Amino acid sequence: MWVEEYEKLSNSEKEEFRRLLNLILSRTFIIRDVYDPKEGMMRVNPEYRFVERNFALFNEYLWFSGWALYKDSQYGVIALVNTYEYNRVRLDRNTTLILFILRLIFEEEREKVTLRKEVLTSTGQIVHKMLTLGLIKKKPSDRDLAEALRQLAYYSIIQKLEGRWEDPDNKLLILPSILFVVTNEKISRIYETLGDEEDSDQESEEAEEQDVIRGEVEE
């Protein structure tokens, strides 16, 4: 039982277990490789290592509440999934569009031959791609861009390295958790939903909201 394993932890480890349990429930993903602004380089996330070492304990505890943890060692992602498909976060249309574009950029950059594993982009590149694909007719307001990007950063889908969220030439790191949020199947579904820009009334916009934030695992 998880209680027996929990009692084997030190007092400081028990506190870290409780803290990270709440973090996972709040933010869905924990990423292994993150950017450290103080060191100016990528580093291994100690929070990921703690959950990895105690993965069975976290997973068994969460299982009693209808949650499951998945770990992808290749991409360094620990993802939380609700087995009943409850507690899903709904994204507005603008945020869904940006999420879709981030997934496309991640896939394009991942296919390139490079020594770097990280996929970088910028707000300007995201907006340019949205316009090029005809998903929007004009650039979203700086406020809408910043709010959307902040929300995606909160759920550990992107990380800002330089500049303000709305700056076109900032630096954004696309985290591999994007693969769990927007699966290959969901790419097609989102594209079909968002590709038609002709119906822009409120009813259509509400229908285009996507409840995509919670990890998914492709079979």
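That block above? That's the structure.
This text gives an overview of the structure that appears in the document.

## Comments concerning the overall build of the protein
Here's step 1: Scanning the protein for helices and strands turns up ten helices and ten strands.
Here's step 2: A total of 219 residues make up the protein; the buried ones form 47% of that total.
Here's step 3: Accessible surface, the protein as shown: approximately 12200 Å² in total, 47% of it carbon and sulfur.

## Overview of the environment of serine 73
Here's step 1: Along the chain, the position of serine 73 falls in the loop between strand 4 (67-72) and strand 5 (77-82).
Here's step 2: For serine 73, the residues in contact, after removing those within four places along its chain, are Arg32 and Tyr48.

## Description of the sheet that holds strand 1 (residues 29-31)
Here's step 1: Pairing in this open sheet of three strands is antiparallel, and the strands run 1-5-4 from one edge to the other. Single-partner strands in this sheet number two, and they are strand 1 and strand 4. Direction aside, neighbouring strands of the sheet carry axes that sit 15 degrees apart on average.
Here's step 2: Here strand 1 pairs with strand 5 via three bridges, running antiparallel. If you follow isoleucine 31 over to strand 5, its bridge partner there is valine 77.
Here's step 3: Taken strand by strand, helix 2 (residues 11-27) contacts strand 1, strand 4 and strand 5, and its axis lies near 110 degrees from that of strand 1.
Here's step 4: Running over the sheet, helix 4 (residues 55-63) touches strand 4 and strand 5 and is turned about 150 degrees from strand 4.

## Things to note about the pairing of strand 5
Regular strands place side chains that alternate from one sheet face to the opposite one.
Here's step 1: For strand 5, a buried count of six out of six residues is recorded, marking the element as mostly surrounded by other parts of the structure.
Here's step 2: Alternating residues of strand 5 divide into Val77, Ala79 and Val81 and Ile78, Leu80 and Asn82, and every residue in both groups is buried.
Here's step 3: Note: strand 4 against strand 5, six bridges, orientation antiparallel. Within the sheet, the bridge partner assigned to leucine 69 lies in strand 5 and is leucine 80.
Here's step 4: Connecting the antiparallel pair strand 4 and strand 5 is a turn made up of four residues, with glycine 76 showing a positive phi of about 70 degrees.

About the cut-offs
Residues numbered from 1 in each chain as written. Predicted model: local features only at pLDDT ≥ 70, side-chain atom pairs only at ≥ 80, totals over all residues. Heavy atoms only, no water. Helix = DSSP H or I, 4+ residues; strand = E, 2+ residues; numbered from the N terminus. Buried < 20%, exposed > 50% of the residue type's maximum accessible area, 1.4 Å probe, protein only. Areas by Shrake-Rupley, 256 points an atom, 1.4 Å probe, with all protein chains shown as cover. Contact = heavy atoms within 4.5 Å. Pairing = 2+ DSSP bridges. Axes fitted to C-alpha atoms, helices over the stretch in contact; angles between N-to-C directions.

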